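# Results of the structural survey
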Amino acid sequence: MDRYEGFREFVGARQHSLMYSAYLLTGDSHLAEDLLQNVLVKVARHWPKLAKGGNPEAYTRKALINEHISWRRRRKSAEYPQEDPPEQGHDPSDDTLHRVALQRALARLTPRQRAVVVLRFYEDRSVEETAGLLGCSAGTVKSQTHHALGRLRSLVPELAHLLHDTDTAGAEEIRR
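## Details of the pattern of salt bridges
Taken as a whole, this structure holds five salt bridges when the rule is applied. Connected through shared salt-bridge partners, Arg 14, Glu 57, Arg 61, Glu 123 and Arg 125 make up one network.

See the structure below:
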């Protein structure tokens, strides 16, 4: 019996979704690839246990978030996006400008706040699911969401009408 039986299938089935989450956490496709690769190596080490009775999806997502937070702690002198976007040869649409502005604002959140925003609004997870993945209480998720959305509203005032605490009506707009 192969120690990694089912691991390749799991990665093949979930790779796109995991990569998207890693990208949203890091804001950089190359860092996202590195982050996901590091996490998958760790998941592979625990695969026999996970395949037997664990929840590989939840474990992998939690490992992705924890590894990202750990990276951010180690990289105190991290690179940050420039204040102004590079000049482009064409006139970008408002949607593109909003995405760039939101991406910059996400990069300025704390790692935990960013993880909460990614899980709640990009992955459309409930407060309870998010709390389970982050290993904290539902109240902490609500508090972190409130603070993260407040910070995003102050960083990107032109998108403030999409960033509501009480509902996720603007979540679809944020995801675009």
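Moving on from the coordinates now.
## So, the confidence of the model for the protein chain
Of all residues in the protein chain, 79% attain a pLDDT of 70 or more, and the chain-wide mean is 81. Per-residue pLDDT stays below 50 along residues 167–176; that stretch engages in 15 contacts with residues further than four places along the chain or on separate chains.

## Details of the environment of Gly 27
By secondary structure assignment, the location of Gly 27 is in the loop between α1 (7–26) and α2 (29–45). Considering only alpha carbons, one finds Gly 27 and Leu 106, 79 residues apart in sequence, at a separation of 8.1 Å.

## Focus: the packing of helix α6 (residues 111–122) against helix α8 (residues 138–155)
One can describe the packing of α6 onto α8 by two numbers: an axis separation of 9 Å at closest approach and a directional angle of 100 degrees. Comparing the axis directions of α6 and α8 gives the class roughly perpendicular. Between α6, through Arg 112, Gln 113, Val 116, Val 117, Arg 120 and Phe 121, and α8, the contact on the second element is made entirely by Val 141, Gln 144, Thr 145, His 147, Ala 148, Leu 149 and Leu 152. Of the residues assigned to the contact of α6 with α8, the class counts are seven nonpolar, four polar and two charged.

## What about unusual backbone geometry?
Residues other than glycine seldom take positive phi values, yet Asp 124 does so here, at roughly 55 degrees. As for its position among the elements, Asp 124 is in the loop between α6 and α7 (127–134). Exposure remark for Asp 124: the relative accessible area of 51% places this residue in the exposed category.

How each quantity is defined
Residues numbered from 1 in each chain as written. Predicted model: local features only at pLDDT ≥ 70, side-chain atom pairs only at ≥ 80, totals over all residues. Heavy atoms only, no water. Salt bridge = Lys/Arg side-chain N within 4 Å of Asp/Glu carboxyl O. pLDDT = per-residue confidence, 0-100. Contact = heavy atoms within 4.5 Å. Helix = DSSP H or I, 4+ residues; strand = E, 2+ residues; numbered from the N terminus. Axes fitted to C-alpha atoms, helices over the stretch in contact; angles between N-to-C directions. Parallel < 35°, antiparallel > 145°, perpendicular 65-115°, else oblique. Nonpolar A, V, L, I, M, F, W, Y, C, P; charged D, E, K, R; others polar. Buried < 20%, exposed > 50% of the residue type's maximum accessible area, 1.4 Å probe, protein only.

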